[in-house]
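Below, each chain spelled out in residue letters.
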Amino acid sequence: STLFPYTTLFRSRDRYLAGELFLSPNYFGDLVRVKTGESATQFIRHFVMKKAKSLLLDGRSVSEVSDALGFEYPQNLTRMFKKEFGVAPSQIDKR
């Protein structure tokens, strides 16, 4: 089962979360930017990547993390993870 509907949130970005909070997408984006200094899309991406890293450190495989976060393919997680952290998810130390 998916722990976090990543693809839903990322593809519709502000619209999904704004709707859940009964805010307009523009207003939601403005609030996120004021509070975090990032766009809503960047904030969501960083949040998801932190969650991915946490799950990997807990010993879950890249495939399991990919499924849990709602990525369509593990390669999509790998590409985004490497862009975020500079290393592939398979290189995370799981001690």
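Heads up: the structure comes first, above all this text.
So, here is what we can say about the structure in this document. (Residues numbered from 1 in each chain as written. Predicted model: local features only at pLDDT ≥ 70, side-chain atom pairs only at ≥ 80, totals over all residues. Heavy atoms only, no water.)

Summed over all chains, the structure comprises 1 aromatic pair. Ring plane angle 50° and centroid distance 4.7 Å describe the contact between Phe-81 and Phe-85, whose orientation is recorded as tilted. Of this pair, Phe-81 and Phe-85 both sit in helix α6 (residues 74–85), 4 residues apart, which is roughly one turn of the helix. Judged by its relative accessible area of 29%, Phe-85 falls in the partly exposed class. The lysine or arginine in question, Lys-53, covers the ring of Phe-85, its NZ or CZ lying 4.8 Å from the ring centre. (Phe/Tyr/Trp six-rings, centres within 6.5 Å; stacked < 30°, edge-to-face > 60°. Helix = DSSP H or I, 4+ residues; strand = E, 2+ residues; numbered from the N terminus. Buried < 20%, exposed > 50% of the residue type's maximum accessible area, 1.4 Å probe, protein only. Lys NZ or Arg CZ within 6 Å of the ring centre and 35° of its normal.)

This brings us to α6. Its 12 residues place the ends of α6 16 Å apart at the C-alpha level, agreeing with the 16 Å of an ideal helix rising 1.5 Å per residue. Those residues of α6 that sit buried are Leu-77, Met-80 and Phe-81. One side of α6 holds all its buried residues, which, seen down the axis, span an arc of 105°. Within α6, the exposed residues directed more than 90 degrees away from the buried face are Gln-75, Arg-79 and Lys-83. Looking one or two residues beyond α6, the residue adopting positive phi is Gly-86, at roughly 80°. (Expected span 1.5 Å × (residues − 1). Arc of directions from axis to C-beta.)

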